[in-house]
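Residue strings, one per chain:
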Amino acid sequence: MVNLKVSISKLKLKTPIILASGVLGSSYSTINRVIRETRIGAIVTKSFTWEPRVGYNTPIVAYTKAGIVNAVGLTNPGYRALKEILSNIVKNDAPIVVSIAASTPKEYAEIASFAEENGADAVELNLSCPHVKGHGLEIGQDPEYVGKIVHEVRSVLKIPVIVKLGLTDRIVDSALKAEKAGADAVSAINSIRSVVIDVYARKPILSNIYGGLSGPAIHPIAVRVVFDLYKNIEIPIIGIGGVTDWVDAVEFFLAGASAVAIASVIAVKGLKVIDEIIKGIEEYMDKEGFQKISELVGLAHGN
Amino acid sequence: MLRNMVVFLKMFLETLKMCKAEIVEDVEEAEGIKSLLLETSIKKPVPGQFVMVWVPGFEEIPISPSMYERNVLRLTVAAVGETTRKIHSLKPGERLFIRGPYGRGFNLDEKGNFLLVAGGYGAAPIIYALHELRKKGKNVAYVIGARSKDKLLFVGEAKKFNAEVYIATDDGSLGFKGSAVEVAEKLIAKYDNVLACGPERMLYKIMLKCLELGVKCQISIERYIKCGIGICGSCVLDPKGLRVCSEGPVFYAEELANTEFGKYYTYPPGIKKPTE
């Protein structure tokens, strides 16, 4: 009998598939839909900032042959709204992870405390938004600053702290600093900074010009990052990037991820893709003779 | 199965692609309302579906087409904001950029006759549905309401398609003096189906009446659609978590019951405003 349960620090997940931050996680009603309609293992909310953010003007999404580029602009009602949102989420066995995008260590810590007080099961520090100034990649590519933020948050929190890092040359250093400062897990990667130009309009499509590329094109890059992180850190890794089916998810486990998060594939295939991926993993494990996800984690590194 | 998936993915990505659309004709439909006929390669929309329309340098907005015939798409637009005013200023030969169609349109395969109810520029998807229903040989009546007779949409077109036409104006300048709802409420019991689009308060009354009488009712609703593909969360209908751009914009009355519809409107970043 295949057992799909995984643990990320203190979090107990009934399946290893997580809803990544950004899709369907901005209101309690869509989160409740994911909980009711799927076997999701955990849900990460859309990132909450100090002040409410309307987000960017449209166009906020653009097509490329390689996938979707988005610049939504961290649309959210501000962290104080977490109280109402968290209280409206149906009681269930999928942990709710609150994603935070702040601009100083103190802001991160205050929002994290507020999330904990209002029932969050964990927080994820978004240190990698590819298209919002002062809320993202600049932070994640400075390992010292990553360490400082994690330390500040860790010192005021009981619940697990997950650090979400994006693609930078110093991602392994940042992860090491985060681990040293007490992070409980690292999730990687975020969408990758991109520009799409329409050849007839002769202008960038996105109102923000820059956006984040997601989808299949970034998957091998994300697998490389998880592979490198696994060699260097001890804390669990959540693999994110271009997962469209169970094969991509299993690949992440083999590279060293303890769980896998998905997002943009839901826009393409709908919510049902979550259970399809879970079922695919189950069948693969059954046929290939694995009982637990942990047997797969990092297996591609074997001697 | 894998092949099906590849075809499906390709189809989805096709709808994401920005397509240039050249204006071949512009028509003054009513006071402050203009139609543009566009030559475009997008897939034929189902009436009630919408396309995202981008004017470079301005915003990208959702519009539900009022007609589609052999690669020509008609968009009927009221000048209400910066982007729509810009669209009104465009002339034949100029371009717009379009992606879609998206969402769920009207189900025109329901059995029996159809009562179509439109308020203001909500008439756009309704007249397109009327075209397609008549092509299927269905019995159709068209109830159109507006503030005054200068603002009425598609009266001649509905007659040309041999639909029964009922007119309501707030000021009584033509037809019944009052709203389209008052006219429609008396007719609903005679029909098997109601399709409606217009101001939310009007749609809410139609929804209640149809639920009371047990008449099948499909309503096209409006929310703040930003991405059009179900990822950004701007158009979510609480508390059911329905994404208007993906599960809608057309819903059956039963789906809209017990939601924010008719009561309040959630704007990004999560601000609630009462229905106007």
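What this report covers is the structure whose coordinates are included nearby. For clarity, every value in this text was computed on a predicted model and none was experimentally measured.

A short note on empty space enclosed by the protein
Residue and element names in this part refer to chain A.
Next up, step 1: For the structure on display, the rule yields 3 cavities of 30 Å³ or more.
Next up, step 2: Space inside the largest cavity adds up to approximately 520 Å³.
Next up, step 3: Forming the boundary of the largest cavity are 33 residues, of which S21, G22, N70, N190 and S191 lie nearest the centre.
Next up, step 4: Where the lining of the largest cavity is concerned, the elements lending two or more residues are β6 (67-70) and β16 (259-262).
Next up, step 5: Its residues assigned to classes, the lining of the largest cavity shows 17 nonpolar, 14 polar and 2 charged.
Next up, step 6: Approximately 50 Å³ is the volume attributed to the second largest cavity.

A word on unusual backbone geometry
Next up, step 1: Backbone torsion omega between G100 of chain B and P101 of chain B reads 0°, so that peptide bond is classified as cis.
Next up, step 2: The residue P101 of chain B is located in strand β7 (residues 95-102) in this model.
Next up, step 3: Of note, S9 of chain A is a non-glycine position whose phi angle comes to about 55°, a positive value.
Next up, step 4: Residue position: S9 of chain A is located in the loop between β1 (6-8) and β2 (11-13).

Overview of helix α8 (residues 246-255) of chain A
All names here are of chain A.
Next up, step 1: Buried within α8 we find D248, A249, V250, F252, F253 and A255.
Next up, step 2: On its buried face, α8 is in contact with β3 (17-19), α7 (219-232), β15 (237-240), β16 and α10 (272-288).
Next up, step 3: Structurally, the start of α8 carries an N-cap: the backbone nitrogen of V247 is 3.2 Å from a side-chain oxygen of D245.
Next up, step 4: Phi turns positive one or two residues past the end of α8, at G256, with a value near 130°.

Comments concerning the sheet that holds strand β5 (residues 61-64) of chain A
All names here are of chain A.
Next up, step 1: The strand order across the open sheet built from 4 strands is β5-β6-β14-β11, with neighbouring strands paired in antiparallel fashion. Every other strand in the sheet has two partners, leaving β5 and β11 (192-195) as the edge strands with one partner each. Adjacent strand axes in the sheet meet at a mean angle of 40° when their direction is disregarded.

Focus: the pairing of strand β9 (residues 140-146) of chain B
Residues and elements named next belong to chain B.
Next up, step 1: With 7 of 7 residues buried, β9 is to be regarded as a mostly interior element.
Next up, step 2: Residues of β9 alternate between two faces, with V140, Y142, I144 and A146 on one and A141, V143 and G145 on the opposite face, all of them buried.
Next up, step 3: Taken together, the 6 bridges between strand β8 (residues 114-119) and β9 define a ladder with parallel strand orientation. In the strand pairing of β9, L116 is matched with Y142.
Next up, step 4: Regarding topology, helix α3 (residues 123-135) serves as the crossover connection from β8 to the parallel β9, and that connection is right-handed.
Next up, step 5: As judged from the 6 bridges shared by β9 and strand β10 (residues 164-169), these two strands associate in the parallel manner. Paired with I144 across the bridge in β10 is I167.
Next up, step 6: With helix α4 (residues 155-160) bridging β9 and its parallel neighbour β10, the resulting β-α-β unit is right-handed.

Quick look at the sheet that holds strand β2 (residues 33-39) of chain B
All names here are of chain B.
Next up, step 1: Pairing is antiparallel in the open sheet, where 7 strands are placed in the order β4-β3-β7-β1-β2-β6-β5. At either margin of the open sheet sits one strand with a lone partner, and together these are β4 (60-63) and β5 (67-69). The mean angle between the axes of side-by-side strands here comes to 35°, regardless of whether they run parallel or antiparallel.
Next up, step 2: Pairing of β5 with strand β6 (residues 72-78) involves 3 bridges; the strand directions are antiparallel. Counted as the bridge partner of Y68 is L73 from β6.
Next up, step 3: In the packing of helix α2 (residues 82-89) onto the sheet, the strands contacted are β2, β3 (50-54), β4, β6 and β7, and the crossing angle to β6 comes to about 125°.
Next up, step 4: Where α3 meets the sheet, it contacts β5 and β6, and its direction lies at approximately 45° from that of β5.

Basis of the calculations
Residues numbered from 1 in each chain as written. Chains lettered and ligands numbered in written order. Predicted model: local features only at pLDDT ≥ 70, side-chain atom pairs only at ≥ 80, totals over all residues. Heavy atoms only, no water. 1 Å grid on protein atoms, 1.4 Å probe; cavity = no way out; pocket = protein on both sides within 12 Å on 5 of 7 lines; lining within 4 Å. Points joined across faces, edges and corners; volume = space filled by probe spheres on them. Helix = DSSP H or I, 4+ residues; strand = E, 2+ residues; numbered from the N terminus. Nonpolar A, V, L, I, M, F, W, Y, C, P; charged D, E, K, R; others polar. Buried < 20%, exposed > 50% of the residue type's maximum accessible area, 1.4 Å probe, protein only. Contact = heavy atoms within 4.5 Å. Polar contact = N/O pair within 3.5 Å; in protein donor to acceptor, adjacent residues only side chain to side chain. Pairing = 2+ DSSP bridges. Axes fitted to C-alpha atoms, helices over the stretch in contact; angles between N-to-C directions. Right-handed = clockwise from strand over helix to strand, strands pointing away.

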